[in-house]
Amino acid sequence: MKHMIRIWRVVVSILMVGGVSTMASAETTDGIGDKRPSRAQQLMGDVDPKLAELTDKVLLGDVWERPGLAKRDRSLITVAALIALNRPDQLRSHMRLARQNGVTEAELVETITQLAFYTGWPNAIIAVGIAREVFHSK
């Protein structure tokens, strides 16, 4: 049970990123030198600044940048976790990010099909609808 709680905490950290479209630091520039808040800061910084900071520095600044896995593979793993946990809002943005990181539509579809048997048919059906949205919103 403690192991599941630890896994859940890691997954929640991933899910909190939500609408991230690129891996970013706590602040980014707008092209003219002005700094603007990261996506994590925008999503949760006003309520939980520490969680936003951890998202920026640890999750995006460290975990996503580790050399052990390519961003493409990290994206595919994250998509699989979000399908398994039935987190459609975060799945949408991470499917887009996966496409940016080189995961093909065919690979996302195969991932959904594979997971249908391990995480449940309803999760797969929801993921198909989200994939349709993402694929058609290019």
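Residues numbered from 1 in each chain as written. Predicted model: local features only at pLDDT ≥ 70, side-chain atom pairs only at ≥ 80, totals over all residues. Heavy atoms only, no water.

### Brief notes about the environment of Thr119
Consideration 1: Among the secondary structure elements, Thr119 is positioned in helix α6 (residues 105–119).
Consideration 2: By relative accessible area, Thr119 is classed as partly exposed at 25%.
Consideration 3: With 38 residues separating them along the chain, Thr119 and Ala81 place their C-alpha atoms 9.6 Å apart.
Consideration 4: Excluding residues that lie within four positions of it along the chain, Thr119 makes contacts with Ile83 and Ala84. (Helix = DSSP H or I, 4+ residues; strand = E, 2+ residues; numbered from the N terminus. Buried < 20%, exposed > 50% of the residue type's maximum accessible area, 1.4 Å probe, protein only. Contact = heavy atoms within 4.5 Å.)

### Notes on the packing of helix α5 (residues 88–100) against α6
Consideration 1: With their axes 10 Å apart at the nearest point, α5 and α6 run at an angle of 135° to one another. Looking at the two axes, α5 sits oblique to α6. Along its contact with α5, which presents Met95, Ala98 and Arg99, the element α6 presents Glu105, Leu108 and Ile112.
Consideration 2: For the contact of α5 with α6, the class distribution of residues is 4 nonpolar, no polar and 2 charged. (Axes fitted to C-alpha atoms, helices over the stretch in contact; angles between N-to-C directions. Parallel < 35°, antiparallel > 145°, perpendicular 65-115°, else oblique. Nonpolar A, V, L, I, M, F, W, Y, C, P; charged D, E, K, R; others polar.)

### As for helix α4 (residues 71–84)
Within an α-helix, residues lying three or four positions from one another point in the same direction, as the helix has 3.6 residues per turn.
Consideration 1: With 14 residues, α4 extends 20 Å from end C-alpha to end C-alpha; this agrees with the ideal 20 Å at 1.5 Å per step.
Consideration 2: Those residues of α4 not exposed but buried are Arg74, Ser75, Thr78, Val79, Leu82 and Ile83. (Expected span 1.5 Å × (residues − 1).)

### Some thoughts on the packing of α5 against helix α7 (residues 121–136)
Consideration 1: Interhelical geometry of α5 versus α7 gives an angle of 50° and a closest axis separation of 10 Å. The orientation of α5 relative to α7 falls into the category oblique. Helix-helix and strand crossings are classified by hand; for α5 and α7 the assignment is right-handed. In contact with Pro88, Leu91, Arg92, Met95, Arg96 and Arg99 of α5, α7 contributes Ile126, Ala127, Ile130, Ala131, Glu133, Val134 and Phe135.
Consideration 2: Across the contact of α5 with α7, the residue classes break down as 9 nonpolar, no polar and 4 charged. (Left-handed = near helix turned anticlockwise from the far one by under 90°.)

### Brief notes about α6
Consideration 1: Taking 1.5 Å per residue, 15 residues should reach 21 Å; α6 reaches 20 Å between its end C-alpha atoms and fits that length.
Consideration 2: Among all positions in α6, only Leu108, Thr111, Ile112, Leu115 and Ala116 are buried. When α6 is viewed along its axis, its buried side chains cluster within an angular range of 145° and face the same direction. Exposed side chains of α6 directed beyond 90 degrees from the buried face belong to Ala106, Glu110 and Phe117.
Consideration 3: For α6, the elements touching its buried residues are α4, α5 and α7.
Consideration 4: Gly120 sits one or two positions beyond α6 and adopts a positive phi of about 115°. (Arc of directions from axis to C-beta.)

### Observations regarding a nonpolar patch on the surface
Consideration 1: On the surface, a nonpolar cluster with roughly 560 Å² of combined accessible area is contributed by Phe117, Tyr118, Trp121 and Ile125.
Consideration 2: Mapped onto the nonpolar patch, the elements with two or more residues apiece are α6 and α7.
Consideration 3: With respect to the secondary-structure elements, Trp121 resides in helix α7. (Patch = residues over 30% accessible without salt bridge, like charges linked within 9 Å, V, L, I, M, F, W, Y side chains within 5 Å. Areas by Shrake-Rupley, 256 points an atom, 1.4 Å probe, with all protein chains shown as cover. Salt bridge = Lys/Arg side-chain N within 4 Å of Asp/Glu carboxyl O.)

### Concerning the environment of Arg87
Consideration 1: Relative to the elements of secondary structure, Arg87 occurs in the loop between α4 and α5.
Consideration 2: The exposure class assigned to Arg87 is partly exposed, which follows from its relative accessible area of 25%.
Consideration 3: Taking the C-alpha atoms as reference, Arg87 lies 9.1 Å from Ala127; in sequence the two are 40 residues apart.

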